Amino acid sequence: MQQDDFHADALSLETLAVRAGHVRTAEQEHGEPIFTTSSFVYRSAAEAARKFGGEEPGNIYSRFTNPTVRIFEQRLAALEGGERCVATSSGMAAILSTVLALLEAGDEIVASRSLFGSTVSLFSKYLGKFGITTRYVELGNLEAWEAAITPRTKLLFAETPSNPLSELVDIAALAEIAHHHGALLAIDNCFLTPALQRPLALGADLVIHSATKYLDGQGRAIGGAVVGRDKELEEVFGVVRTCGPCLSPFNAWIFLKGLETLSLRMRAHCDNALALAQWLEAHPAVERVHYSGLESHPQHALARQQQSGFGAVLGVEIRGEREGAWSVIDATQLMSITGNLGDVKTTITHPATTTHGRLSDEQKASAGIREGLVRIAVGLEALDDLKADLARGLDALA
Ligand SMILES: *Cc1c(COP(=O)(O)O)cnc(C)c1O
């Protein structure tokens, strides 16, 4: 924004999503410009020396800062209510950069068991090599979180709602536990976005995003971000600037365009998802629907309290085990059979043999990934068309 009297605190999320972060250049452009430049120049040798020495702020190199990336960072920080945001090349790079910045060998992470698969690999396989260990607990069980904390625990890490079963954790209560033990709480807010849940306001210290999902919302680019206080984000910035998982200006611009419609899209995703969940719950070929918007969800009251919407990812248990689930997936003609989500196009997948296929049978059982489970990430097609697409397979099973 150009106006000097711009106060982010006074503006609503919809306004910030369209306006925040953009300071017009001397060209007086209306849309956000894409700065496709790897480096920046100085008016003199002395100015270069001051900028390299950190005495004078300003751009040096796009691995450090880039004006288009900065607009995205400031806009997302405003939406999440954070002091600062650092953008990254992917959601996984956001998680890696956070951990590299804030933890060292010997430190411990306590994380929920129901995490994105690559996050589990990062924690267990790669961080383990450098002496950082992770304990996994049941997401909603606050006593289990507390019991897993030791004096070496530096970070608590959770996704809420979880994928694909929509389990929740009480963010405010978990933040209190983390702080009582001197640890930080990071929430991966990919599934709800700041349009539906603002973890920092509930007490979390860090918010992680895969911008690849709903922030873009149209399946076009890979990116990520970390949002939080200046203190921790300065460390995260140091990692990104030095190690290099920076966001490209072009992708930042795509995400800026995504943010402009975030609130509208998320509301439409939620409306479609709730209506589809209710319809599926009543279908005789469906055994159970996992969605925090349904009154049958065991944590529906918590969802109403800490979320302003329920998101658009449904876990649907279909009669007939794997054969039943696959037959419903294969009978669709409209939905995309893919493991991705957070797109205007509805996607459908069989977690037990795709996203969670690497888990042992025992791990699947403890994570609730049954053979009959299908995950549907509900997009923005017309509801009646989505119902018809699923009815083809479901009616054959009923
Ligand atoms: C996709 C995803 C990630 C990883 O993001 P990428 O952009 O694919 O690296 C992390 N967390 C959650 C919850 C995700 O869905």
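No experiment lies behind these values; they were computed from the predicted model shown.

A rise of 1.5 Å per residue sets the reference length of helix α10 (residues 249-260), with its 12 residues, at 16 Å; its end C-alpha atoms lie 17 Å apart and thus fit the reference within 8%. Burial in α10 covers these residues: Pro249, Asn251, Ala252, Ile254, Phe255, Leu256, Gly258 and Leu259. Lining the buried residues of α10 we find α1 (13-19), α3 (67-80) and α11 (262-281).

Let us now look at the site of the ligand. Around the ligand lies a shell formed by Ser90, Gly91, Met92, Phe116, Glu159, Asp188, Cys190, Phe191, Ser210, Thr212, Lys213 and Gly223. One of the side-chain nitrogen or oxygen atoms of Asp188 is found 2.6 Å away from a nitrogen atom of the ligand. The separation between an oxygen atom of the ligand and a polar side-chain atom of Ser210 is 2.8 Å.

Here the protein is partitioned into domain 1 (3-260) and domain 2 (262-397). Between the C-alpha centres of domain 1 and domain 2 there is a distance of 28 Å. Taking both sides of the interface into account, the surface hidden between domain 1 and domain 2 amounts to around 2900 Å²; carbon and sulfur atoms contribute 55%. Connecting domain 1 to domain 2 are 1 salt bridge. Salt-bridge contacts for Arg267 lead to Glu14; the nearest nitrogen and oxygen are separated by 3.2 Å. Every element with two or more residues in the side of domain 1 that touches domain 2 is listed here: α1, α5 (117-129), α8 (193-196) and α10. Examining the composition of the side of domain 1 that touches domain 2, we find that 4 residues originate from one element, α8, more than from any other.

Evaluated as defined, the whole model comprises 20 salt bridges. Taking the shortest distance from any N to any O, the salt bridge between Arg229 and Asp205 comes out at 2.9 Å. One end of the pair, Arg229, is in the loop between β7 (224-228) and α9 (230-243); the other, Asp205, is in the loop between α8 and β6 (206-210), with 24 residues separating them in the sequence. What makes Arg229 partly exposed here is its relative accessible area of 32%. Take Asp205: its relative accessible area is 3%, and that puts it in the buried class. The partner of Arg322 in a salt bridge is Glu371, with the nearest N and O atoms 2.8 Å apart. With Arg322 in helix α13 (residues 321-331) and Glu371 in the loop between α14 (361-367) and β12 (373-377), the pair connects residues that are 49 residues apart, well separated along the chain.

Attention shifts here to the sheet that holds strand β10 (residues 336-337). If you trace the 5 strands from one edge of the open sheet to the other, you get β8-β9-β12-β11-β10, paired in mixed fashion. Among the strands making up the open sheet, the edge pair consists of β8 (286-290) and β10. Bridge count for β8 against strand β9 (residues 313-318) is 4 bridges, and the pairing is antiparallel. Within the sheet, the bridge partner assigned to Arg288 lies in β9 and is Glu317. Its contacts with the sheet place α13 against β9, β10, β11 (347-349) and β12, and it is angled at close to 125° to β9.

Bringing the packing of aromatic side chains into the picture now. On inspection of all chains with the given rule, the structure shows 6 aromatic pairs. When the ring of Tyr42 is compared with that of Phe52, the centres are 6.1 Å apart and the planes differ by 65°; the resulting orientation is edge-to-face. With Tyr42 in the loop between α1 and α2 (45-52) and Phe52 in helix α2, this pair connects stretches of sequence that are 10 residues apart. With relative accessibility at 58%, the residue Phe52 sits in the exposed group. A centroid spacing of 6.1 Å and a plane angle of 25° characterise the contact between Phe250 and Trp253, whose relative ring orientation is stacked. With Phe250 and Trp253 both in helix α10 and 3 residues apart, this pair spans about one turn of that helix. What makes Trp253 partly exposed here is its relative accessible area of 27%. Here Lys213 stacks its cationic end above the ring of Phe116, 4.9 Å away from the centre of that ring. Between Arg241 and the ring centre of Phe64, over which it is positioned, the NZ or CZ distance is 3.9 Å.

For the rest of this paragraph, the subject is the UniProt feature "modified residue: N6-(pyridoxal phosphate)lysine" (unreviewed entry) in the protein. Per the UniProt record, the feature "modified residue: N6-(pyridoxal phosphate)lysine" (unreviewed entry) sits at Lys213. Mapped onto the secondary structure, Lys213 falls in the loop between β6 and β7. With residues near it in sequence (within four places) discarded, Lys213 still touches Phe116, Cys190, Asn340, Leu341 and Gly342.

Rules used throughout
Residues numbered from 1 in each chain as written. Predicted model: local features only at pLDDT ≥ 70, side-chain atom pairs only at ≥ 80, totals over all residues. Heavy atoms only, no water. Helix = DSSP H or I, 4+ residues; strand = E, 2+ residues; numbered from the N terminus. Expected span 1.5 Å × (residues − 1). Buried < 20%, exposed > 50% of the residue type's maximum accessible area, 1.4 Å probe, protein only. Contact = heavy atoms within 4.5 Å. Near = heavy atom within 4 Å. Polar contact = N/O pair within 3.5 Å; in protein donor to acceptor, adjacent residues only side chain to side chain. Domains from an automatic or database assignment. Buried area = accessible area lost by both parts, 1.4 Å probe. Salt bridge = Lys/Arg side-chain N within 4 Å of Asp/Glu carboxyl O. Pairing = 2+ DSSP bridges. Axes fitted to C-alpha atoms, helices over the stretch in contact; angles between N-to-C directions. Phe/Tyr/Trp six-rings, centres within 6.5 Å; stacked < 30°, edge-to-face > 60°. Lys NZ or Arg CZ within 6 Å of the ring centre and 35° of its normal. UniProt positions renumbered as here; feature names shortened; annotations may be inferred.

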